[in-house]
Amino acid sequence: MSDFINKLIQDNKLQISTDMDKSFGFKVGNKQLGEEPVLIAGPCSIESEDMIVDWSCKLSEVGIDALRAGAYKPCTFPVRKEVNGWKEGLKESGLKFLKTASDKSGLQTVSEIMDLRMLTNEYLDKLDIIQVGTRNFQNYTLLDELGKIDKPIILKRGTWGTLDEILGACERILEGGNNKLAICLRGVIGGPSYRHIFPSTRWMPDLLMIPALKKFTNIPIIYDPSHATGLREFVVPVSKAALAIGADGLIVEVHPDPSKSISDPDQAIGLSELIEIKSFYQ
Ligand code: PEP
Ligand code: MN
């Protein structure tokens, strides 16, 4: 693997992401990502104004560093029925509610943007940190544009992405001049034997990629134990493992009534599990 990456560096295909004299990252709340581990948490989806405002205030009391919550949810299958305004997210109104939650709780916001059309102030003003979802991991027109803006970005690994492809995707953003970048590992496609062991786990945890990436880049790495496992019973132990193996932070899905989450109900944890995860930071 090292030879393969070193050849990409020699050929100038990788240049900025692999420069070990450079530092990347940004502030999450009061913490500098990369210097001390951060905890980003929140529901998969923004479900209503009351929900996100109340919940963000409770999460802030636990001492998280930023609030994650999706206003736009890329679903594997089209959602055909709207429920209380939610149809693959609350969309524009969801972002408005997220901003209110941020104002009330004092937490920075992390939320996913779907495409180039969202790179306008109307959207960006409501986000402190942009999340690029798995499905956009190699959307190069989007990554190239994200390189030109001055806003922190969390780039999630595509479920198929190899180490060189992760660095290649980062390189596109860095090439434009934006070095406020973090990589988020969120589980990958598992082999048939893995599915046999955990039939209902959607993705296979990719913990080993944390030290593997750190051999080649200083870009901070955030781990997502929620999508990586897909099942709430594994979220706490995988969070512990990710921090132990060197993650610079976690992004965790946590819901006031986990099994009733409008999206990703199987992997949502509740407040007590979040407090347990927070205890790993001491
Ligand atoms: C999410 O964070 O809610 C999400 C949709 O993640 P991913 O893009 O990793 O599937
Ligand atoms: Mn989710």
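Because the structure is a prediction, the values reported are computed rather than measured.

Here is what the cut-offs are and how they apply
- Along each chain, residues carry numbers from 1 onward, in the same order as the chain's sequence is written.
- Going through the entries in the order they are written, you letter the chains from A and number the ligands from 1.
- Given that this is a predicted model, residues contribute local features only at a pLDDT of at least 70 and side-chain atom pairs are listed and counted only at 80 or more, while totals for whole chains, interfaces and linings are drawn from all residues.
- Side-chain numbers come from the whole structure's heavy atoms, not from hydrogens or water.
- For the purposes of this entry, the term helix denotes a DSSP run of H or I that reaches at least four residues, the term strand denotes a run of E that reaches at least two, and both are numbered from the N terminus.
- Residue exposure (1.4 Å probe, protein chains only): buried if accessible area is under 20% of the type maximum, exposed if over 50%, otherwise partly exposed.
- Any two strands are treated as partners once DSSP identifies two or more bridges connecting them.
- Between N-to-C directions, angles cover 0 to 180 degrees, with each direction set by a line fitted to C-alpha atoms, over the stretch in contact for helices.
- Contacts are assigned to residue pairs that have any heavy atoms within 4.5 Å of one another.
- Stacked, tilted and edge-to-face are the three classes applied to pairs of Phe, Tyr and Trp rings, where Trp contributes its six-membered ring and a pair requires centres within 6.5 Å; stacked means planes under 30 degrees apart, edge-to-face means over 60, and tilted covers the rest.

Draft legend 1. Geometry of unusual backbone geometry. The backbone of N12 sits at a positive phi, close to 60°, despite the residue not being glycine. One non-glycine residue, N84, lies in the positive phi region at around 50°. Tracing the chain through its elements places N84 in the loop between β4 (66-68) and α3 (91-105). Overall, N84 belongs to the exposed group, its relative accessible area being 74%.

Draft legend 2. Broad picture of the sheet that holds strand β10 (residues 249-253). Read once around its circumference, the closed barrel built from eight strands follows the order β3-β4-β5-β6-β7-β8-β9-β10, with strand pairing classed as parallel. Each strand of the sheet is rotated relative to its neighbour by a mean of 25°, with strand direction disregarded. Bridge analysis of β4 against strand β5 (residues 108-113) gives three bridges, and the strand direction is parallel. Pairing of A66 across the sheet is with Q108, part of β5. Sitting on the sheet, helix α6 (residues 163-175) touches β7 (153-156) and β8 (181-185), and the angle it makes with β8 is about 155°. Its contacts with the sheet place helix α10 (residues 235-244) against β9 (221-223) and β10, and it is angled at close to 165° to β10.

Draft legend 3. Region of the structure containing the environment of T18. Relative to the helices and strands, T18 resides in the loop between α1 (2-10) and β1 (27-28). Put simply, T18 and L213 are 195 residues apart on the chain and 9.6 Å apart in space, counted from C-alpha to C-alpha. Ignoring sequence-local partners within four residues, the contact set of T18 consists of I9, L167 and F216.

Draft legend 4. A look at the pairing of strand β6 (residues 129-132). Burial of the side chains of β6 extends over both faces: I129 and Q131 are buried on one face and I130 and V132 on the other. Summarising the sheet, β5 and β6 pair through four bridges and their orientation is parallel. Residue pairing in the sheet places V110 in a bridge with I129 of β6. As paired elements, β6 and β7 share three bridges and run parallel to each other. Bridge pairing in β7 places Q131 opposite I154.

Draft legend 5. View of the packing of aromatic side chains. Applying the stated criterion across every chain, the model contains two aromatic pairs. Ring plane angle 65° and centroid distance 6.2 Å describe the contact between Y72 and Y123, whose orientation is recorded as edge-to-face. Note that Y72 is positioned in the loop between β4 and α3 and Y123 in helix α4 (residues 121-124), a separation of 51 residues in sequence. Ring geometry for F137 versus W160: centroids 5.7 Å apart, planes at 70°, classification edge-to-face. Here W160 lies in the loop between β7 and α6 and F137 lies in the loop between β6 and α5 (140-146), a separation of 23 residues in the sequence.

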